[in-house]
Amino acid sequence: MAMNSSEKILVTGGAGYVGSALCPKLLKQGYNVRVLDLFIYDPASLDACKKYNSFETVKGDIRNKDAVQQAMKDMDCVIHLASISNDPTGDLDESLTRSVNFEAYKVLLDSAKRKGVKRFINASSSSVYGIKDEENVTEELSCNPLTYYSKYKLMSEKLVEEACDDKFTTVNIRPATICGYSPRQRLDLTVNVLTAHAASKGVITVHGGQQRRPNLTMEDITDLYVKLVETDKSLIAGKVFNVGYENMKIIEIAELVKQTLGSKRDVQIRVDETFDHRDYHISSEKIRKELGFQPKATVKDMILQVASAMEKGLVGNIEWDKYYNIRQMKLDHFA
Ligand SMILES: NC(=O)c1ccc[n+]([C@@H]2O[C@H](COP(=O)([O-])OP(=O)(O)OC[C@H]3O[C@@H](n4cnc5c(N)ncnc54)[C@H](O)[C@@H]3O)[C@@H](O)[C@H]2O)c1
């Protein structure tokens, strides 16, 4: 049970991949949870939360001042996840990405302060670094965002940092790519898509393969957000933290998928060309030293978790659009 379970938490984007795994965890800890979301991907992703009286949803756009003010009322803490949340969807329409991933923060932060919210936890991304030569990418290194998604993520971090004061604690989190099962499954993330193809088709295609990518499990990112709700404010106020665990080459992930699922079916790996050479290795030493946060679950655990969810029928046809942000998100969702 949480230390202060009467706390009321607004999770923006709470119906998404991370949010729909996080909300049940917060509710089990005894928190009151409200979600503000446009419900773009799966209207049923929060069904398991509906049994809690301490849960409610507001359907609305984070760029709509009225919806935001309504959602902020009586809240103590915001976990801000709502976003156009990967590089290809961010590239669909720059002005939309700018408005959701950057401009909306002015209304969100202002409204949170006016309504007496005490804490704002912001999901940024480790993609803000772009391609780096350094072996270990720490928070002190400069950022070089390569896409609209990461450019506006980085610009919004600044607004979040500047809004921090004695009464309003803000923190920016730069997670690695998340893997694992969620009620709103995403299959456009490396470990998940390789696992889904291996388990259902027995063939996985790796583009390039030599690029290193940092990974973090759904178990650990959701544990971290829960922890941040009650971490002493002096440890986090105005700060930015990377968070990742196993840094692996994409080909190594493919081989791990093959090996992990090998007893159930034969998996072939095909390698083709790539134009995406993003290659980075983030350091998560700062969060370990300053907050004592050490991820526990492994990529292998998540391969087994996604494969098991598929076996149980919790994931439908892996070609459905709803599992891929770029296919499901339509610009008229934001009309
Ligand atoms: N999944 C990852 O690997 C990963 C890695 C690093 C950072 N992040 C960040 O974590 C956050 C959550 O990611 P996710 O994978 O759960 O994304 P997601 O796309 O699954 O969920 C985003 C949610 O936000 C909602 N949304 C989008 N625009 C909105 C708007 N204008 N108003 C209200 N709701 C809106 C969508 O309906 C969706 O439910 C995002 O900010 C993302 O950038 C994710």
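Up top you'll find the structure we're talking about.
Below: a short report on this structure. (Residues numbered from 1 in each chain as written. Predicted model: local features only at pLDDT ≥ 70, side-chain atom pairs only at ≥ 80, totals over all residues. Heavy atoms only, no water.)

Summed over the entire model, instances satisfying the criterion amount to three aromatic pairs. Measuring from centroid to centroid gives 6.3 Å for Phe 102 and Tyr 152, while their planes differ by 25°, and the two rings are stacked. Remark: Tyr 152 occurs in helix α5 (residues 148-162) and Phe 102 occurs in helix α4 (residues 94-114); sequence separation between them is 50 residues. Relative accessible area serves as the criterion here: at 8%, Phe 102 is assigned to the buried category. Residue class for Tyr 152 comes out buried when judged on its relative accessible area of 1%. (Phe/Tyr/Trp six-rings, centres within 6.5 Å; stacked < 30°, edge-to-face > 60°. Helix = DSSP H or I, 4+ residues; strand = E, 2+ residues; numbered from the N terminus. Buried < 20%, exposed > 50% of the residue type's maximum accessible area, 1.4 Å probe, protein only.)

This paragraph deals with the site of the ligand. Around the ligand lies a shell of 31 residues, among which Asp 37, Ser 85, Tyr 149, Lys 153 and Arg 184 are the nearest. The backbone of Gly 16 places a nitrogen or oxygen atom 3.2 Å from an oxygen atom of the ligand. Taking Lys 153, its side chain carries an N or O atom lying 2.8 Å from an oxygen atom of the ligand. In the complex, 97% of the free accessible area of the ligand, which totals 830 Å², lies under the protein chains. Put simply, the parts of the chain that give the shell around the ligand at least two residues each are α5 and β7 (177-179). Looking at side-chain class alone, the shell around the ligand contains 18 nonpolar, eight polar and five charged residues. (Near = heavy atom within 4 Å. Polar contact = N/O pair within 3.5 Å; in protein donor to acceptor, adjacent residues only side chain to side chain. Areas by Shrake-Rupley, 256 points an atom, 1.4 Å probe, with all protein chains shown as cover. Nonpolar A, V, L, I, M, F, W, Y, C, P; charged D, E, K, R; others polar.)

Turning to the pattern of salt bridges, a few remarks are in order. Across all of its chains, the model carries 21 salt bridges by this definition. Among the salt bridges present, the one from Asp 76 reaches Lys 118, with a minimum N-O distance of 2.9 Å. Placement of Asp 76 in the loop between α2 (65-72) and β4 (77-80) and of Lys 118 in the loop between α4 and β5 (119-123) is noted, with a sequence separation of 42 residues between them. Between Lys 201 and Glu 319 there is a salt bridge; the shortest N-O distance is 2.6 Å. Of this pair, Lys 201 sits in helix α6 (residues 190-201) while Glu 319 sits in the loop between α11 (299-311) and α12 (325-328); the two residues are 118 residues apart in sequence, bridging distant segments of the chain. Accessibility expressed as a relative area gives 42% for Lys 201, which makes it partly exposed. Overlapping salt bridges, with partners in common, bring together Lys 201, Glu 319, Asp 321 and Arg 327 in one network. (Salt bridge = Lys/Arg side-chain N within 4 Å of Asp/Glu carboxyl O.)

Attention shifts here to the sheet that holds strand β9 (residues 212-217). Spatial ordering of the open sheet is given by β7-β9-β11, a layout of three strands whose pairing is mixed. Among the strands making up the open sheet, the edge pair consists of β7 and β11 (247-249). Looking at each pair of strands side by side, their axes are set apart by 50° on average, direction ignored. As paired strands, β9 and β11 are joined by three bridges and run antiparallel to one another. The residue of β11 that forms the bridge with Arg 212 is Lys 249. In this fold helix α9 (residues 250-261) packs onto β9 and β11, with an angle of close to 90° to the strand it touches most, β11. (Pairing = 2+ DSSP bridges. Axes fitted to C-alpha atoms, helices over the stretch in contact; angles between N-to-C directions. Contact = heavy atoms within 4.5 Å.)

Turning our eyes to something else, we now look at the nonpolar core. Residues Leu 26, Ile 79 and Tyr 225 are the most contacted members of the largest nonpolar core, which totals 46 residues. The biggest single contributor to this core is helix α7 (residues 218-230), with seven residues. With residues near it in sequence (within four places) discarded, Ile 79 still touches Ile 9, Leu 10, Val 11, Thr 12, Leu 22, Leu 26, Ile 121, Tyr 225 and Val 229. Within the second largest apolar cluster, 31 residues are counted, among which are Tyr 105, Phe 120, Tyr 152 and Phe 168. (Core = buried A, V, L, I, M, F, W, Y, C linked by side-chain atoms within 4.5 Å.)

Backbone-to-backbone hydrogen bonds join strands into a sheet, with any given pair of strands oriented parallel or antiparallel. Within the open sheet, the seven strands sit side by side as β3-β2-β1-β4-β5-β6-β10. Their pairing is parallel. Either end of the sheet is taken by a strand with one partner, and the two such strands are β3 (55-59) and β10 (239-243). When strand polarity is set aside, the average angle formed by the axes of neighbouring strands in this sheet is 20°. Note that strand β6 (residues 169-175) and β10 share five bridges and pair parallel. Of the residues in β10, the one forming a bridge with Asn 172 is Val 240.

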